[in-house]
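What the coordinates show
Here is how the chains run, residue by residue.
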Amino acid sequence: LVVRLCVGGRDRGVGVLALGQDLSMLDKGMLSFSGNPLVVYLSSDIDDIFELQAVELELNGNFIARKEMLPDVMSALEHGGAQRVIVKELPQGDYQLKATMIGKVGKGRDHRTSVILTFSKENRPKTVELRVSNQRERFLPEFVVREWD
């Protein structure tokens, strides 16, 4: 996967394109990780209505990750990229993943919302996409969860 995003439009475009190709390959089962990890990606289809500052993950009630959203990451997300939040080896079993987005809406008003995904982990990789999307009725961001099994 692409781990470096450049500020220049040309390099950033290549990085986003390469990341998109990796995600496509992952979706088709052509790209694999060693073992059987849980892989969580973040993507977005919101531009200027929400300032995403961080994403926090909990697994079965235990904190496992916090990803701060740096300007280059936000730029990549705004151009259709995705950010890997975590890769964690998990044994088979039942799990509950809680994802919380933290940011600002409107004129700097704090916004925090969570989503919970309950899943059974089998003896193969589990990939989850958390897409930050606009809740049209209230003009507030929300997570849309997609499982890529």
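Everything discussed here concerns the structure shown above.
Thresholds applied
Residues numbered from 1 in each chain as written. Predicted model: local features only at pLDDT ≥ 70, side-chain atom pairs only at ≥ 80, totals over all residues. Heavy atoms only, no water. Helix = DSSP H or I, 4+ residues; strand = E, 2+ residues; numbered from the N terminus. Polar contact = N/O pair within 3.5 Å; in protein donor to acceptor, adjacent residues only side chain to side chain. Buried < 20%, exposed > 50% of the residue type's maximum accessible area, 1.4 Å probe, protein only. Pairing = 2+ DSSP bridges. Phe/Tyr/Trp six-rings, centres within 6.5 Å; stacked < 30°, edge-to-face > 60°. Lys NZ or Arg CZ within 6 Å of the ring centre and 35° of its normal. Axes fitted to C-alpha atoms, helices over the stretch in contact; angles between N-to-C directions. Salt bridge = Lys/Arg side-chain N within 4 Å of Asp/Glu carboxyl O.

**Remarks on the environment of E89**
Mapped onto the secondary structure, E89 falls in strand β4 (residues 83–89). Between the alpha carbons of E89 and V39 there is a distance of 8.7 Å; along the sequence they are 50 residues apart. Among the polar contacts listed, one links the side chain of E89 to the backbone nitrogen of N36, at a separation of 3.0 Å.

**Things to note about the pairing of strand β2 (residues 50–59)**
Of all 10 residues that make up β2, seven are buried, and the element is covered over most of its length. Relative to strand β5 (residues 93–105), β2 runs antiparallel, the two being bridged by nine bridges. The partner of V55 across the bridge, within β5, is M101. For β2 and strand β3 (residues 62–68), the ladder comprises six bridges, and the chain directions are antiparallel. Opposite L59, over in β3, you have N62 as the bridge partner. Where β2 folds back on β3, the antiparallel hairpin that results is connected by two residues, among which N60 adopts a positive phi of roughly 50°.

**A short note on the packing of aromatic side chains**
The geometry of an aromatic ring pair is captured by two quantities: the separation of the ring centres and the angle between the planes. Inspection of every chain in the model, using the stated rule, returns one aromatic pair. On the basis of an interplanar angle of 25° and a centroid distance of 5.7 Å, the ring pair of Y95 and F119 is categorised as stacked. Taken together, the residues span a long stretch of sequence, with Y95 in strand β5 and F119 in strand β6 (residues 109–121) at a distance of 24 residues. Between R146 and the ring centre of W148, over which it is positioned, the NZ or CZ distance is 4.4 Å.

**Regarding the sheet that holds β3**
The four strands are arranged β3-β2-β5-β6 in an open sheet whose pairing can be described as antiparallel. What marks the edges here is a single partner per strand, and that holds for β3 and β6. Averaged over all neighbouring strand pairs, the angle between strand axes comes to 20°, with direction disregarded. With 13 bridges joining them, β5 and β6 adopt antiparallel strand pairing. The residue bridging L97 from the neighbouring strand is L117, located in β6.

**Observations regarding the pattern of salt bridges**
Counted under the stated rule, the structure contains seven salt bridges. Across the pair E56 and R112 runs a salt bridge whose closest N-O atoms are separated by 3.2 Å. Pair noted here: E56 is in strand β2 and R112 is in strand β6, with a separation of 56 residues, a long-range link. When the shortest N-O distance is used, the salt bridge between E129 and R131 registers 3.8 Å. Through salt bridges that share partners, E56, R66, E68 and R112 make up one connected network.

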